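Structural overview
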Amino acid sequence: MKFVVIDDDPTGSQTVHDCLLLLKWDVSTLVKGFESKSNLFFILANTRSLSENDAKLTIEEICKNLKTVIASQAYGEKIIFISRGDSTLRGHNFLEPSALNNCLGPFDATFHIPAFIEGKRFTINGSHFVDKTPINKTIYARDKIFGYETSNVKNLLLQNSKSQLNIEDIQNLLLSDIEILNDEENNIVFKTLKNLKNNKHVIVDVENYSQLKKFSLVIKKLTKQKKFLFRTAASFISSISDKKSVPKFQTFCSHLRLRNNGKSYLPGLIIVGSYVELSTIQLKNLLEISNCKPIELDVFEFFKITSSENNQNRINNFKNSFLKEIRFSFEIGKTPVLFTSRKFMSLDYSEQFNFYHSLASFISELVAELKYEIGYLISKGGITTNVILSNGLNADYVYLEGQILTGISVVTYNLKNGEKLPIVTHPGNIGTKDSLVNIWKAFENKNNF
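Bear in mind that the values here come from a model prediction, so they are computed numbers and not experimental data.

**Considering the overall build of the chain**
- Counting its secondary structure elements, the chain contains 15 helices and 18 strands.
- Each principal axis of the C-alpha distribution contributes one length, and for the chain these read about 70 × 45 × 45 Å.
- Per-residue burial for the chain yields a buried fraction of 59% across its 449 residues.
- Contacts in the chain between residues at least 24 apart in sequence constitute 76% of all its contacts with a sequence separation of at least 6.
- As displayed, the chain has an accessible area near 18,600 Å², and 49% of this comes from carbon and sulfur atoms.
- Between the mean site of the 54 positive side-chain charges and the mean site of the 46 negative ones, the chain shows a separation of 4 Å.

What follows is the structure in structure tokens.
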């Protein structure tokens, strides 16, 4: 059984290890995923950074190439498709699985499993929570692009579908159902799942991994006779694939750090693009370390420059000023921390998407200039990280080593000089206040954490 995960940003692999993350989805790159030794691989579609129309076109392109590869390679094993989305419900939660159903279906059912146990995101009685707080009462509900006013996943799906779904198209698998669920043919809940058809949408309650394991075992049995699709957060992926994350210890990460020809460690670079409140707290704690040098990218100044006419010279000068400052940090033995200013840009829907993409692209160009000068990269924020990997480094794929901290992954990228650059892909909404500090300490081989 091969699990193909179409991820809406590069952080959904945060609960598994030792597999490929594809940054491109041309036929030859997809073949690498199918031929890899792992039973799963990820396609980093980065659709959360795209408008609805562009996200739909991207999914359709991926599906077209997937069908080509599957038909030409004549794969004998069962293939399970998973659409990985955000555990705080930001993203194209209806559009993406709907596009997958149109292209790769028809599916008998789409299961919505937003629980992310490692991040204390649970679904109970059809409503979603961060710890014990209803999701609509958190800062994530105020997202400027994907905000919402309900914690009830069914209501959210109905709203996202824009009347394409009716209330009878969606049902719930409650904790009480999972409690009595087993894989025996006469089990009442098993029979209910077996009888699903016409792409019924099912919202699955989850509080812990034992419930996920029970559900996953039943799904594996049913996939022999049913065709299911999944829109899930990261925890379900580790449960269904049996690839639960293995923490990477401090010494492992420090050994990944690249050295120069004289065998001295190359400096690190830290990027903080995410602007959510937790990211700001983590950034503040990191900048209290005297060995970390703050370098702020003012988003208003960037907007002003990029919005002006005949702006290429100004953009180049802006870029060179940052490169100069980052390289000066290397010279004085400090770790540069490049972060976007914690300011809000009041833009309309399409302008917001375009601005975030151009900002992430600018940061990725800086990384591209520096990739042979650094020993490791820590990148905070899903969209920023994806653009760095796909545009800045022009990677076909990266290799997922595992997690340095719960929910925070380390990947390696093959440089053209034969070295493997370690990159921490740190989601914006994950970790403790000291996560960035502790990751920096691990790569710098400081005291244990």
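**Comments concerning the layout of surface pockets**
- Put simply, the largest pocket is a space of about 940 Å³.
- Lining the largest pocket are 47 residues, and of these Arg90, Asp143, Ser274, Tyr275 and Val276 lie nearest its centre.
- The set of elements that each furnish at least two residues to the lining of the largest pocket consists of α10 (277–286), α13 (349–370) and α14 (382–392).
- It is α13 that provides the largest number of residues to the lining of the largest pocket, a total of six residues.
- A class-by-class count of the residues in the lining of the largest pocket yields 21 nonpolar, 14 polar and 12 charged.
- Taken as a whole, the second largest pocket spans an internal volume of roughly 430 Å³.
- Listing elements by their share of the lining of the second largest pocket, those giving two or more residues are α2 (52–73), α3 (95–104) and α4 (153–161).

**A closer look at the pattern of salt bridges**
- Tallied over the full model, the rule gives 22 salt bridges.
- Residue Asp8 is joined to Arg84 by a salt bridge in which the shortest nitrogen-to-oxygen separation is 3.5 Å. Here Asp8, found in the loop between β1 (2–7) and β2 (19–22), pairs with Arg84, found in strand β4 (residues 79–84); they are 76 residues apart in sequence, far enough to count as distant. Note on accessibility: Asp8 and Arg84 belong to one class, buried.

**Considerations on helix α12 (residues 312–331)**
- The terminal C-alpha atoms of α12 lie 28 Å apart, and with 20 residues this matches the ideal 28 Å at 1.5 Å per residue to within 8%.
- Of the positions making up α12, those classed as buried are Ile315, Phe318, Lys319, Phe322, Leu323, Ile326, Ser329 and Phe330. Buried residues of α12 fall within an arc of 135° about the axis and therefore sit on the same side. More than 90 degrees from the buried face of α12, the exposed residues found are Asn313, Asn317, Lys324 and Glu331.
- Following α12 by one or two positions, Gly333 has its phi on the positive side, about 75°.

**Concerning the state of the cysteines**
- Across all of its chains, the model carries zero disulfides by this definition.
- Left unpaired, Cys103 is separated from the closest cysteine sulfur, that of Cys63, by 4.2 Å.

**A short note on the packing of helix α11 (residues 299–307) against α12**
- Contact pair α11 / α12: the axes reach a minimum separation of 8 Å and the direction vectors enclose 150°. Between α11 and α12, the interaxial angle falls into the category roughly antiparallel. Of the residues in α12, those touching α11 at Glu301, Phe302, Lys304, Ile305 and Thr306 are Arg314, Ile315 and Phe318.
- Looking at the contact of α11 with α12, its residues break down into four nonpolar, one polar and three charged.

Rules used throughout
- Residues numbered from 1 in each chain as written.
- Predicted model: local features only at pLDDT ≥ 70, side-chain atom pairs only at ≥ 80, totals over all residues.
- Heavy atoms only, no water.
- Helix = DSSP H or I, 4+ residues; strand = E, 2+ residues; numbered from the N terminus.
- Buried < 20%, exposed > 50% of the residue type's maximum accessible area, 1.4 Å probe, protein only.
- Contact = heavy atoms within 4.5 Å.
- Areas by Shrake-Rupley, 256 points an atom, 1.4 Å probe, with all protein chains shown as cover.
- Lys, Arg positive; Asp, Glu negative; His and termini not counted.
- Charge placed at Lys NZ, Arg CZ, Asp CG, Glu CD.
- 1 Å grid on protein atoms, 1.4 Å probe; cavity = no way out; pocket = protein on both sides within 12 Å on 5 of 7 lines; lining within 4 Å.
- Points joined across faces, edges and corners; volume = space filled by probe spheres on them.
- Nonpolar A, V, L, I, M, F, W, Y, C, P; charged D, E, K, R; others polar.
- Salt bridge = Lys/Arg side-chain N within 4 Å of Asp/Glu carboxyl O.
- Expected span 1.5 Å × (residues − 1).
- Arc of directions from axis to C-beta.
- Disulfide = S-S within 2.5 Å.
- Axes fitted to C-alpha atoms, helices over the stretch in contact; angles between N-to-C directions.
- Parallel < 35°, antiparallel > 145°, perpendicular 65-115°, else oblique.

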